[in-house]
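# Structural overview
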Amino acid sequence: MLTGKQRSYLRSIGNSLDSIFQVGKNGINTNFIKQIDDALEAREIIKVNVLNNSLLDVKETANEVADLTKSELVQIIGNKFILYRESRENKRIELP
């Protein structure tokens, strides 16, 4: 569980990130979750874009992906959301 200060710090990092994943009309599947899981291990923080042609709600999608990857939902901005999970091997981000 992130504190307000930690969440604020992660938001500042996440604002400069580009979306590296997109959720489209195919939705969330096991391959998509595996890719996000690997990216979180490598980067610790990622931004995901939910496309307009997707029939999924952004909040529901963000919460489901966070649950399936055991990560923290940092922020939802429009149709994008930011996820954070501390890496086991490649720790890069030091939280305040």
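Below is a summary of the structure that appears in this document. Not measured: the values here are computed from a predicted model. (Residues numbered from 1 in each chain as written. Predicted model: local features only at pLDDT ≥ 70, side-chain atom pairs only at ≥ 80, totals over all residues. Heavy atoms only, no water.)

## Side note on helix α3 (residues 58-69)
Along an α-helix, residues three or four positions apart point the same way, because every turn accommodates 3.6 residues. Note the cut-off: A helix here means a DSSP run of H or I that spans at least four residues, while a strand means a run of E at least two residues long, and both kinds are numbered starting from the N terminus. In this analysis, the expected span of each helix is defined as 1.5 Å times one less than the number of residues it contains. Relative accessible area decides the class of each residue, using a 1.4 Å probe on protein chains only: under 20% of the type maximum gives buried, over 50% gives exposed, and in between gives partly exposed. The directions considered for the arc are those from the helix axis to the C-beta atoms. Whether two residues are in contact is decided by their heavy atoms: any pair within 4.5 Å suffices.
A rise of 1.5 Å per residue sets the reference length of α3, with its 12 residues, at 16 Å; its end C-alpha atoms lie 16 Å apart and thus fit the reference within 8%. Listed as buried for α3 are V58, T61, A62, V65, A66 and T69. Projected down its long axis, α3 carries its buried residues within an arc of 130 degrees, all on one side. α3 presents K59, E60 and D67 as exposed residues on the side facing more than 90 degrees away from its buried surface. Of the surrounding elements, those touching the buried residues of α3 are β1 (21-23), α2 (30-43), β2 (45-50), β3 (72-77) and β4 (80-84). In the segment just after α3, K70 is the residue with positive phi, at about 55 degrees.

## Focus on the environment of F32
By secondary structure assignment, the location of F32 is in helix α2. Using a relative accessible area of 8% as the deciding quantity, one classes F32 as buried. As for F32 and F21, which are separated by 11 residues in sequence, their C-alpha atoms are 8.7 Å apart. Excluding residues that lie within four positions of it along the chain, F32 makes contacts with F21, Q22, V23, V48 and V65.

## Notes on the nonpolar core
The tendency in soluble globular proteins is for nonpolar side chains to be buried side by side. Note the threshold: Here, nonpolar core means buried Ala, Val, Leu, Ile, Met, Phe, Trp, Tyr and Cys residues that are tied together by side-chain atoms lying within 4.5 Å of each other.
One finds F32, I36, I46, V48, F81 and L83 to be the most contacted residues of the largest nonpolar core, which totals 17 residues. Breaking this core down by element, the ones donating at least two residues are β1, α2, β2, α3 and β4. With residues near it in sequence (within four places) discarded, L83 still touches I36, L40, E44, I45, I46, A62, V65, A66, S71, E72, L73 and V74.

## Side note on the packing of aromatic side chains
This is how it is decided: Only the six-membered ring of Trp is used, alongside the rings of Phe and Tyr, when aromatic pairs are assigned; centres must lie within 6.5 Å, and planes under 30 degrees apart are stacked while those over 60 apart are edge-to-face, with the rest tilted.
Inspection of every chain in the model, using the stated rule, returns one aromatic pair. A centroid spacing of 6.0 Å and a plane angle of 80 degrees characterise the contact between F21 and F32, whose relative ring orientation is edge-to-face. One end of the pair, F21, is in strand β1; the other, F32, is in helix α2, with 11 residues separating them in the sequence. Of the two residues, F21 and F32, both sit in the buried class.

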